[in-house]
Amino acid sequence: MEYLSFSRLSLLETCGLRFYFEYVEKRSPVDPVPLHHAKFGTLLHSLYEQHANSAGHDSYEVLKKRYDVDFPKLVSLFPDRDAAVQFYKKGLAAIQRFSRYLVKDVVASEKEFLIETSTGVPPLKGFIDRLIYSEDHGYLVADLKTGKAFSGGDRKKRRQLVVYSIACESEYGTPADSGYFDFVVQGNRAWVDIAEEDRAEVRAWVREKWHEIEMERFDAKYSRAFCSAYCPFRSECDTFLQHHRAG
């Protein structure tokens, strides 16, 4: 495996078998899953990046014009017209919010990284949605979320910002000691303080997950909601089929 990523390791933690199908065997999906959430998120991410890269000069009107061109391409992915309309409105509200952000302190947007975390472990690859620097607070990392909001105290989810902190240290020589998840659809943020022990914990977590991959520990983990709707390999999973037959 050439590299790892936060999303790959999170998937391994969610279900080892799906990770195996997707990243070890590299199978093509066999079961349909909804795509509108992910495609909607990708579109908002690109507009969020555009706003930062323009130093905030691309106004709401400019961003909305592009949104109105690109959103119709997604409409066929939604379960029905009402869902598409609701998501369209959510997107407009999100663009209105982040188009008002001050971005003069943004150092990089969608900053790609490839970092070593431990000897003998493949490098960790990813993108920092937003890297910010100020004289008062130093480096700060931000990640855009277009789904449901969650607490900054969620230990598993906050690892993503800690990974960004490690990447910041690798790139700029100084780690980010704070960050936030930007829930632009809901209009709030979840702030996270990042300490050296958090970075050490994440490095240990990456080592642990890589050890599971080396030992070929790809156990299926059943979750009714996740498996039934979002797993593209459910018809090839004995664990899912057993639960499905049991009702």
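Structural notes, computed from the coordinates. The structure displayed is predicted, hence computed values, not measured ones. (Residues numbered from 1 in each chain as written. Predicted model: local features only at pLDDT ≥ 70, side-chain atom pairs only at ≥ 80, totals over all residues. Heavy atoms only, no water.)

**With respect to the nonpolar core**
Applicable threshold: Each nonpolar core is a collection of buried residues, namely Ala, Val, Leu, Ile, Met, Phe, Trp, Tyr and Cys, held together in the definition by side-chain atoms within 4.5 Å. Partly exposed residues are those whose accessible area sits between 20% and 50% of the maximum for their type, while under 20% is buried and over 50% is exposed, using a 1.4 Å probe and protein chains only. By the criteria applied, helices consist of DSSP H or I runs no shorter than four residues and strands consist of E runs no shorter than two, each listed in order from the N terminus. In this description, contact between two residues means that some pair of their heavy atoms is separated by no more than 4.5 Å.
Residues Leu4, Val141, Val206 and Ile213 are the most contacted members of the largest nonpolar core, which totals 35 residues. Listed by contribution, the elements that provide at least two residues to this core are helix H1 (6-14), strand S1 (106-115), strand S2 (124-134), strand S3 (138-145), helix H6 (155-172), strand S4 (178-183), strand S5 (188-193) and helix H7 (196-214). Broken down by element, this core gets its largest block of residues, seven residues, from H6. Beyond its immediate chain neighbours, meaning those up to four positions away, Leu4 contacts Leu9, Val121, Pro122, Pro123, Leu124, Lys125, Val206, Trp210 and Ile213. Judged by nonpolar contacts, the second largest core, of 28 residues, contains Leu44, Leu63, Tyr67 and Ala83.

**Brief notes about the pairing of S4**
Let me state the cut-off plainly: A pair of strands counts as paired when DSSP detects no fewer than two bridges linking them. Classification remark: right-handed applies to a crossover when, strands pointing away from the viewer, the course from the first strand over the helix to the second runs clockwise.
S4 sits mainly inside the fold: six of its six residues count as buried. Here S4 shows a buried face lined by Ser178, Tyr180 and Asp182 and a second buried face lined by Gly179, Phe181 and Phe183. Bridge analysis of S3 against S4 gives six bridges, and the strand direction is parallel. Residue pairing for S4: Leu140 is matched across the bridge by Ser178. Assessed by its sense of winding, the connection that carries the chain from S3 through H6 to S4 is right-handed. Looking at chain direction, S4 and S5 are connected through six bridges and run antiparallel. When the sheet's bridge partners are listed, Phe181 is paired in S5 with Ala190. Between S4 and S5, which pair antiparallel one after the other, the connecting turn spans four residues, and Gly187 there sits at a positive phi close to 85°.

**Focus: the pattern of salt bridges**
Selection rule: Every case where a carboxyl oxygen of Asp or Glu lies within 4 Å of a side-chain nitrogen of Lys or Arg is listed as a salt bridge.
Following the criterion strictly, the structure yields 22 salt bridges and no others. With its nearest N and O atoms 3.1 Å apart, the salt bridge here joins Lys145 to Asp143. On the basis of relative accessibility, which here comes to 2%, the residue Asp143 falls in the buried class. Two residues, Glu169 and Arg203, come together in a salt bridge whose shortest N-O distance is 3.8 Å. Remark: Arg203 occurs in helix H7 and Glu169 occurs in helix H6; sequence separation between them is 34 residues. On the basis of relative accessible area, Glu169 is assigned to the partly exposed category, the value being 28%. Residues joined by salt bridges that share partners form a network here, namely Glu13, Arg155, Arg159, Glu201, Glu208, Lys209 and Glu212.

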